[in-house]
Amino acid sequence: MLPPIPGMTFNCSARHGYLCIKPRGHVLPCSRWKERGKKQPPLDMFETFEDILDYYQSIIHIPSEAWPNGCLLCHRDASCSRWSLMDTTNKTVERSGNTVQYLEIGFDNICNMNCVMCGAQYSSRWDKLVKDNKEFLSKYNLTEYNSPPSIYDNVMRLLESSDLSRLNTIRIMGGEPMYSKASLKFLEWFMDKDVSNIVLMFNTNATVFPTKLVDLFKRFKCIIPKTSIDGAHEVAEWGRNSPVPFKKIEEVVGSWNEYARQNNNVKLTCFSAIHLANIEHLGALSEWLNNYDQYVIRQMGLVQMNDYMTPLALSRKDRQLLWQEQYTRYDDMKLFINYETFLNAHQLKGYPVKNIIDYIEWWDTLNNNKFKDLSPKVWKIINNLYKEENK
């Protein structure tokens, strides 16, 4: 068990109705559950979603004030007085009954992009990139994903045999769900179902607009496409390394924007993963987003997959200067949510700056643009850090 947090007891409702299904067929009591050294049960072990909830209620024993080992990430957030997934879950999952209420699912890593802040686990194009560059990428601990057999049939078996009367939220992960045949077939299953009480959320890279599903989407209580847009024009194309031009992304974002105007159950969210290539272009991104009036929710997050592209390689002072410089030029920078983490988090220590430079120069070979021309201020800061490191 994790140690108690003074003044707070473990109080999460996830095991009463939250299920997270991973592409490898493992099922978890929530998406942030991390119990090291313990193998998670496979889908084919269960007949219904209720069986899965019974299983987790039987193994998660909570002594007074202690936290389960798998809740490490929420324990960390709560210890720092930050909002955690536990807080969100307690608002969406009731503690009565034993039926699925929140279903989060990722069918595969199928994706038509290999973004610089991503990896093989979440992108089939990245998986190919790793296979083609094994020698160079091995020092960055980037390995092949080895896609598992499809879990689609198993998921549909559980859907058919389970009580879905209290299902209130579906979240589809990827890959790119709007590009994944399994994810699209899963959504089509709901065509003749009552979805008026269900919130549908999914991540998308804004390269595919799902025309065949727009009538279905209108019937959900709410749909929330969480659109990953990390830069505009050349910045986006450098970061995404894809044959899909930025003009296509503008077209799809425009389609979503018009769809949201016509349907009041659509809440468009832009999520920007902050990395070394885009931190001096956030103002330009915010200005570009102003072309689409329905994208009123703008979230920021730090790159989680790749230390070699994290802005935390820069000092807190450098990050704040870059932010302030743009903030004075672009009034709508204040629309970004969660930027404080980007500004105030501790600098990453002990990671060789040379590895970062080598990685950026390798990524340059995949693009028409060069990092030093795209983000000259950051490039200068990184090279100064390298000189300081080698004095």
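The rules behind each value
- Residues numbered from 1 in each chain as written.
- Predicted model: local features only at pLDDT ≥ 70, side-chain atom pairs only at ≥ 80, totals over all residues.
- Heavy atoms only, no water.
- Helix = DSSP H or I, 4+ residues; strand = E, 2+ residues; numbered from the N terminus.
- Rg over C-alpha atoms; globule rule 2.2 N^0.38 Å.
- Buried < 20%, exposed > 50% of the residue type's maximum accessible area, 1.4 Å probe, protein only.
- Contact = heavy atoms within 4.5 Å.
- Areas by Shrake-Rupley, 256 points an atom, 1.4 Å probe, with all protein chains shown as cover.
- Polar contact = N/O pair within 3.5 Å; in protein donor to acceptor, adjacent residues only side chain to side chain.
- Salt bridge = Lys/Arg side-chain N within 4 Å of Asp/Glu carboxyl O.
- Pairing = 2+ DSSP bridges.
- Right-handed = clockwise from strand over helix to strand, strands pointing away.
- Arc of directions from axis to C-beta.
- Axes fitted to C-alpha atoms, helices over the stretch in contact; angles between N-to-C directions.
- Left-handed = near helix turned anticlockwise from the far one by under 90°.
- Expected span 1.5 Å × (residues − 1).
- Core = buried A, V, L, I, M, F, W, Y, C linked by side-chain atoms within 4.5 Å.

## A closer look at the overall build of the protein
Tallying secondary structure elements over the protein gives 16 helices and 9 strands in all. Taken against the 2.2 N^0.38 rule, which gives 21 Å for 391 residues, the C-alpha radius of gyration of the protein at 22 Å falls within 12% of a compact globule. For the C-alpha atoms alone, the extent of the protein along its principal axes is close to 60 × 50 × 45 Å. Put simply, the protein has 391 residues, and 53% of those count as buried. Considering only contacts within the protein whose residues lie at least 6 apart along the sequence, 76% involve residues at least 24 apart. Counting every atom, the protein has about 18500 Å² of accessible surface; 50% of that belongs to carbon and sulfur.

## Some remarks on the side chain of Thr-204
Within the fold, Thr-204 resides in strand β5 (residues 199–204). Assessed through its relative accessible area of 3%, Thr-204 is described here as buried. For Thr-204, the side chain forms a polar contact with the main-chain nitrogen of Ala-206, separated by 3.3 Å. Each residue touching Thr-204, except ones within four places of it in the same chain, is listed here: Glu-176, Met-178, Pro-225, Lys-226, Thr-227 and Ser-228.

## Describing the pattern of salt bridges
Across all of its chains, the model carries 14 salt bridges by this definition. A salt bridge links Lys-128 to Asp-132; the shortest N-O distance between them is 2.8 Å. Of the two residues, Lys-128 and Asp-132 both sit in helix α4 (residues 124–132), 4 residues apart, roughly one turn of that helix. Lys-354 is the salt-bridge partner of Asp-358, the closest N and O atoms lying 2.6 Å from each other. Of the two residues, Asp-358 and Lys-354 are both situated in helix α14 (residues 353–364); the distance of 4 residues between them amounts to about one turn of the helix. Judged by its relative accessible area of 16%, Asp-358 falls in the buried class. The exposure class of Lys-354 is partly exposed, given its relative accessible area of 35%. Beyond isolated ion pairs, a larger network of salt bridges with shared partners links Lys-139, Lys-354 and Asp-358.

## Description of the pairing of strand β8 (residues 297–302)
Look at any regular strand and the pattern is simple: side chains alternate between the two faces of the sheet. Relative to β8, strand β7 (residues 269–274) is paired through 6 bridges, and the arrangement is parallel. Counterpart to Cys-270 in the pairing with β8 is Arg-298. One crossover worth recording links β7 to the parallel β8 by way of helix α11 (residues 282–289), and it is right-handed.

## Let's talk about helix α7 (residues 181–188)
Within α7, the full set of buried residues consists of Ala-182, Ser-183, Phe-186 and Leu-187. When α7 is viewed along its axis, its buried side chains cluster within an angular range of 135 degrees and face the same direction. Of the surrounding elements, those touching the buried residues of α7 are β3 (102–106), α6 (152–161), β4 (169–173), β5 and α8 (214–219).

## Regarding the packing of α14 against helix α16 (residues 376–389)
Where α14 contacts α16, the two axes come as close as 9 Å, and the packing angle between them is 145 degrees. Both α14 and α16 take part in a crossing whose hand is left-handed. Counted together, Val-353, Lys-354, Ile-357, Ile-360 and Glu-361 of α14 and Trp-379, Ile-382, Asn-383, Leu-385, Tyr-386 and Glu-389 of α16 form the full contact between these two elements.

## Describing the pairing of β5
Taken across its 6 residues, β5 has 5 buried, putting it largely inside the fold. By the bridge criterion, 4 bridges tie β4 to β5 in an arrangement that is parallel. Among the inter-strand pairings, Ile-170 is bridged to a residue of β5, identified as Leu-200. Tracing the backbone out of β4, into α7 and back to the parallel element β5 gives a crossover that is right-handed. Bridge analysis of β5 against strand β6 (residues 222–228) gives 6 bridges, and the strand direction is parallel. Each residue of the ladder has a partner; that of Phe-202, found in β6, is Pro-225. Read from β5 through α8 to β6, the crossover connection turns out right-handed.

## Details of α14
Taking 1.5 Å of rise per residue, the 12 residues of α14 would be expected to cover 16 Å, and the 17 Å separating its terminal C-alpha atoms lies within 8% of that figure. Summarising burial for α14: 10 of the 12 residues are buried, a large majority. Buried residues of α14: Val-353, Asn-355, Ile-356, Ile-357, Asp-358, Tyr-359, Ile-360, Trp-362, Trp-363 and Asp-364, and no others. On its buried face, α14 sits against α4, α5 (134–137), α9 (234–240), α15 (371–374) and α16.

## Quick word on the nonpolar core
Within the largest apolar cluster, 132 residues are counted, with the highest numbers of intra-cluster contacts made by Phe-186, Phe-217 and Tyr-359. Ignoring sequence-local partners within four residues, the contact set of Phe-186 consists of Leu-103, Ile-105, Phe-107, Tyr-152, Val-155, Met-156, Leu-159, Ile-170 and Ile-172.

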